[in-house]
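# Notes for the structure review
Below, each chain spelled out in residue letters.
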Amino acid sequence: MTRPSQAMIDLGALRHNYLLARRLQDGPTLAVLKANAYGHGSVECAQALADIADGFAVAFLAEALTLREAGITLPIVLLEGVFHADELEQVQAHNLWTVVHHEAQVRMIEQLGDVHGLRVWLKVDSGMHRVGFRPDMVADIYKRLLVTGKVMDITFMTHFARADEPDSGTTETQLAVFEAAVEGLAGGRSICNSAGILEWPEARQGWGRAGILLYGADPTPFEHALQPVMSLQSEVFAVRTLLPGEALGYGGTFVAEELVRVGLVAVGYADGYPRRAPNGTPVSIDGQPSRLIGRVSMDMLTVDLTHLPDAGIGSKVELWGKHVDVNAVANAAGTISYELMCNVKRVPLVYQSE
């Protein structure tokens, strides 16, 4: 018998979410597949989207080469750009598009000899202050890239810091800064991340970049008919009863106030479930709501079966997915859905297309 834990990946839901993003963006939209498609499997997700997507985005060269080796021919953008000048030869050879966001990357293009036909995405720091050129530098960097004769075209991009906060004025400010920085400069545009696509129609210019929304985790406080793609699942493999006053697990963080039926579940923090998830974090058992009790261990966790008399050994447990919102688990654990899904490991990914 194999361990009864897996992450089900619903590729039909992935396609649904991409098409929703594409419809909202009303323009070309990249499917962001960095970090192994946020833990969902980059090759499988790319293959599932290949007939409907306008292109893909990854963090760095090795991630792009994995997709090219799997036969993916659509455009691929390197969101971090290149780290060393010799990577530009690979960018050219594999027809990749590269972000340029700091001075050293500009010099790499200027100084490397036998490179031509590059498609560059020039990143503008409109207010996030993480990467990108300050607005007053953009026109000069643009001219320097074109003067090299090695750059075929340039798309201007930026990244929102607080688009998931609809009441913040930061997004309007960033949009105004970006538009002023690129005014009069010929080239494409890419402004919207997932939250931008979902909530900021005025920013839906040029290329959208659909990241977390692809996987069904809404980054905004609103509902957008996204479908969860990953369902982290396991089973109850043992049952015991706590007497009143007995503590459960490491640290004794849960103490029974009455008789409590406890189900042991074959998944833990080594599989990617957050150790910080507290008592009361939602789970689903045989499709019925329940809760985590006790501290999460490396290979197992414990759930409350008291109100589910028919539940027992073999009962199906969903940690997040169709019945349990991954955002609810992330909020309980003091993190974000991105981290939870990216951290899933050791359990097999099982793909379904419907």
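In every chain, residue numbers begin from 1 and rise along the written sequence. It should be noted that, the model being predicted, local features are given only for residues of pLDDT at least 70 and side-chain atom pairs only at 80 or more, the latter also being counted only at that level, while totals for whole chains, interfaces and linings use all residues. Calculated side-chain values reflect all of the structure's heavy atoms, with hydrogen atoms and water omitted.

## A closer look at the nonpolar core
Quick reminder of the rule: Nonpolar core, defined: a set of buried Ala, Val, Leu, Ile, Met, Phe, Trp, Tyr and Cys residues in which side-chain atoms within 4.5 Å join the residues together. Note on exposure labels: buried denotes an accessible area under 20% of the residue type's maximum, exposed denotes more than 50%, and partly exposed covers the range between, all computed with a 1.4 Å probe on protein chains only.
Judged by nonpolar contacts, the single largest core of 109 residues is most densely connected at Y273 and W320. Counting 8 residues, the second largest nonpolar core, distinct from the first, contains L242, V260, V262 and L264.

## Some remarks on the packing of helix α1 (residues 11–25) against helix α3 (residues 42–49)
Keep this limit in mind: Inter-axis angles, ranging from 0 to 180 degrees, are taken between N-to-C directions of lines fitted to C-alpha atoms, where helices are fitted over the stretch in contact. A helix here means a DSSP run of H or I that spans at least four residues, while a strand means a run of E at least two residues long, and both kinds are numbered starting from the N terminus. By definition in this entry, angles of less than 35 degrees are roughly parallel, angles greater than 145 are roughly antiparallel, angles of 65 to 115 are roughly perpendicular, and the rest are oblique. Should the near helix be turned counterclockwise from the far one by less than a right angle, the crossing is left-handed, whereas a clockwise turn marks it as right-handed. In what follows, residue pairs with any heavy atoms lying within 4.5 Å of each other are defined as contacts. Three classes are used, and their members are as follows: Ala, Val, Leu, Ile, Met, Phe, Trp, Tyr, Cys and Pro are nonpolar, Asp, Glu, Lys and Arg are charged, and the others, Gly among them, are polar.
Packing of α1 against α3 leaves a shortest axis separation of 10 Å and a crossing angle of 60°. Considering their axes alone, α1 and α3 lie oblique with respect to each other. Relative to α3, α1 is oriented so that their crossing is right-handed. Contacts from L11, L14, R15 and Y18 in α1 reach E44, C45, A48 and L49 in α3. Across the contact of α1 with α3, the residue classes tally to 6 nonpolar, no polar and 2 charged.

## So, the sheet that holds strand β2 (residues 29–32)
Threshold: Should DSSP find at least two bridges between two strands, the strands are taken to pair.
Spatially, the 8 strands line up as an open sheet ordered β8-β7-β6-β5-β4-β3-β2-β9, and their pairing is parallel. Looking at strand neighbours, the two that pair on one side only are β8 (188–190) and β9 (208–210), the edges of this open sheet. Across the sheet, the mean angle from the axis of one strand to that of its neighbour is 30°, orientation sign disregarded. Strand contacts of α1: β2 and β9, with the helix running at about 145° to β2, the strand carrying the most contacts.

## A word on the side chain of T98
If you trace the backbone, T98 turns up in strand β5 (residues 97–100). Those residues within four positions of T98 in sequence are excluded, and the remaining contacts are L78, G81, V82, V91, R119, V120 and W121.

## Brief notes about the packing of aromatic side chains
For any pair of aromatic rings, the description rests on two quantities: the centre-to-centre distance and the angle between the ring planes. How we decide: The pairing test for Phe, Tyr and Trp rings, Trp by its six-membered ring, is centres within 6.5 Å, and the orientation test on the planes gives stacked under 30 degrees, edge-to-face over 60, and tilted for anything in between.
Counting across every chain of the model gives 7 aromatic pairs. Measuring from ring centre to ring centre gives 5.6 Å for W97 and W207, while their planes differ by 90°; the resulting arrangement is edge-to-face. With W97 in strand β5 and W207 in the loop between α9 (194–199) and β9, this residue pair connects regions lying 110 residues apart in the sequence. The exposure class of W97 is buried, given its relative accessible area of 12%. When its relative accessible area of 15% is taken as the criterion, W207 is described as buried. With a centroid separation of 5.3 Å and an interplanar angle of 35°, the aromatic rings of Y142 and F156 are classed as tilted. Of this pair, Y142 sits in helix α7 (residues 138–147) while F156 sits in strand β7 (residues 151–157); the two residues are 14 residues apart in sequence, bridging distant segments of the chain. Each of the two residues, Y142 as well as F156, counts as buried.

## A closer look at the side chain of Q174
Stated precisely, the cut-off is as follows: Identification of polar contacts relies on pairs of N or O atoms within 3.5 Å, with a donor-acceptor requirement for protein atoms, meaning one able to donate a hydrogen and the other able to accept it, and with residues adjacent in sequence counted only if both atoms are side-chain atoms.
Here Q174 is to be found in helix α8 (residues 170–182). A polar side-chain atom of Q174 sits 2.9 Å from the main-chain carbonyl oxygen of H159. Filtering out sequence-adjacent residues up to four positions away, Q174 remains in contact with S126, G127, M128, H159, F160, A161 and R162.

## Topic: the state of the cysteines
Let me state the cut-off plainly: Disulfides are defined in this document as cysteine sulfur pairs within 2.5 Å.
Counting across every chain of the model gives 0 disulfides. Just so you know, C342 is unpaired, no disulfide at all, and the nearest cysteine sulfur is the one on C45, 12 Å from it.

## A few points about the pattern of salt bridges
So the rule is basically this: By convention in these notes, a salt bridge is any Lys or Arg side-chain nitrogen within 4 Å of a carboxyl oxygen on Asp or Glu.
Here the structure, examined in full by the defined rule, presents 14 salt bridges. Where D271 meets R3, a salt bridge forms, and the shortest distance between an N and an O atom there is 2.8 Å. Highlighted residues: D271 in the loop between β13 (260–265) and β14 (282–285) and R3 in the segment before β1 (6–10), separated in sequence by 268 residues. On the basis of relative accessible area, R3 is assigned to the partly exposed category, the value being 34%. With a closest N to O distance of 3.9 Å, R276 and E339 form a salt bridge. Remark: E339 occurs in helix α11 (residues 337–342) and R276 occurs in the loop between β13 and β14; sequence separation between them is 63 residues. Given the relative accessible area of 34%, E339 is considered partly exposed. Here the residues in one salt-bridge network are R3, D271, D299 and R346, joined through shared partners.

## What to know about the environment of P278
Examined against the element boundaries, P278 turns out to sit in the loop between β13 and β14. On the basis of relative accessible area, P278 is assigned to the partly exposed category, the value being 32%. The sequence separation of P278 and T253 amounts to 25 residues, and the corresponding C-alpha distance is 8.6 Å.

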